[in-house]
Amino acid sequence: MTEKDEKVAATTTKAQATKKPNKINKNLKSEVIDLDDGTKMTVVFPGTAWAQRKVYDPASMPNGSRSLAILYQNFMDIVIHNPQMDWSFFDDKVSESSRKRQTEVTDDDGTVHKYNLEFPGTLTILQMRDQATDALGRVLDYEFNLGIVQNIITNKNVKDLDYFDHHNGYSELMDAATEMLIQWAQESGVYDTMGKVDNFMSRMFR
């Protein structure tokens, strides 16, 4: 290599070393996400500070976990711009055929009781899980099953778990309600939809 070539190479190396990358601007960055039902959902990143202060931090609960009910509400209010989304968006996807179930249970004395289980709404389902989650992120059976009694079993005389000290059907009703909860979550698409929003936000926090 000649002396002239060495000077050209040195100049080129120096220019490349001092060249700055293009400035990243994630503020108000938007994406269109395709949902399973064909809906095209537009999400917009509101900025790092705003997202932390107004979207995620308000969802932090005293027990150290994060409230999905609050977080998903914040997604709908701040991040999702189209369609205008509220809880009815998910409630309306739950089929009429899966919204109600009646279960018959026979007590030891032969008395037959009919228990009615009904869809309480997507928001209530999320709140049930929030209220049953402890500081380590575990879902406590007592709290969750109490939520089933208070929100899904609609018989007015069934108010708490003590009812089942004198009646059969505890395990059967809890299992039936859990099956229904799984089906409602799948039909509503709330976890899938909000998971996609959360993935978008996580990428913006990189």
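Note: the structure precedes this text.
Parameters at a glance
- In this convention, every chain numbers its residues from 1, walking through the sequence in written order.
- It should be noted that, the model being predicted, local features are given only for residues of pLDDT at least 70 and side-chain atom pairs only at 80 or more, the latter also being counted only at that level, while totals for whole chains, interfaces and linings use all residues.
- Side-chain calculation: all heavy atoms of the structure are included, whereas hydrogens and water are not.
- Working definition: helices are DSSP H or I runs of at least four residues, strands are E runs of at least two. Numbering for both runs from the N terminus.
- We call a residue buried when its accessible area falls under 20% of the maximum for its residue type, exposed when it is over 50%, and partly exposed in between, using a 1.4 Å probe and counting protein chains only.
- Contacts are assigned to residue pairs that have any heavy atoms within 4.5 Å of one another.
- Working definition of accessibility: Shrake-Rupley area with a 1.4 Å probe, residue cover restricted to the visible protein chains.
- The term salt bridge refers to a pairing of a side-chain nitrogen on Lys or Arg with a carboxyl oxygen on Asp or Glu at a separation within 4 Å.

Peer 1: Account for the overall build of the chain, naming residues and giving values.
Peer 2: From N to C terminus, the chain includes eight helices and five strands. Starting at the N terminus, the α and β elements of the chain follow one another as α-β-β-α-α-β-α-β-β-α-α-α-α. Per-residue burial for the chain yields a buried fraction of 39% across its 206 residues. Relative to all contacts within the chain whose residues are 6 or more apart in sequence, the contacts with residues 24 or more apart total 61%. Surface exposure of the chain reaches about 12,600 Å², of which carbon and sulfur atoms provide 48%.

Peer 1: Give me the pattern of salt bridges: which residues, what numbers.
Peer 2: According to the stated counting rule, one finds nine salt bridges in the structure shown. Across the pair Lys 196 and Asp 36 runs a salt bridge, and its minimum N-O distance is 3.8 Å. With Lys 196 in helix H8 (residues 190-204) and Asp 36 in the loop between strand E1 (30-34) and strand E2 (40-44), this residue pair connects regions lying 160 residues apart in the sequence. Owing to a relative accessible area of 69%, Asp 36 belongs among the exposed residues under this scheme. With a shortest N-O distance of 3.6 Å, Glu 179 and Arg 101 are connected by a salt bridge. You can see Glu 179 sitting in helix H7 (residues 170-188) and its partner Arg 101 sitting in strand E4 (residues 100-106), a full 78 residues away along the chain. Residue class for Glu 179 comes out partly exposed when judged on its relative accessible area of 49%. One connected set of salt bridges, linked through shared partners, spans Asp 36, Asp 192 and Lys 196.

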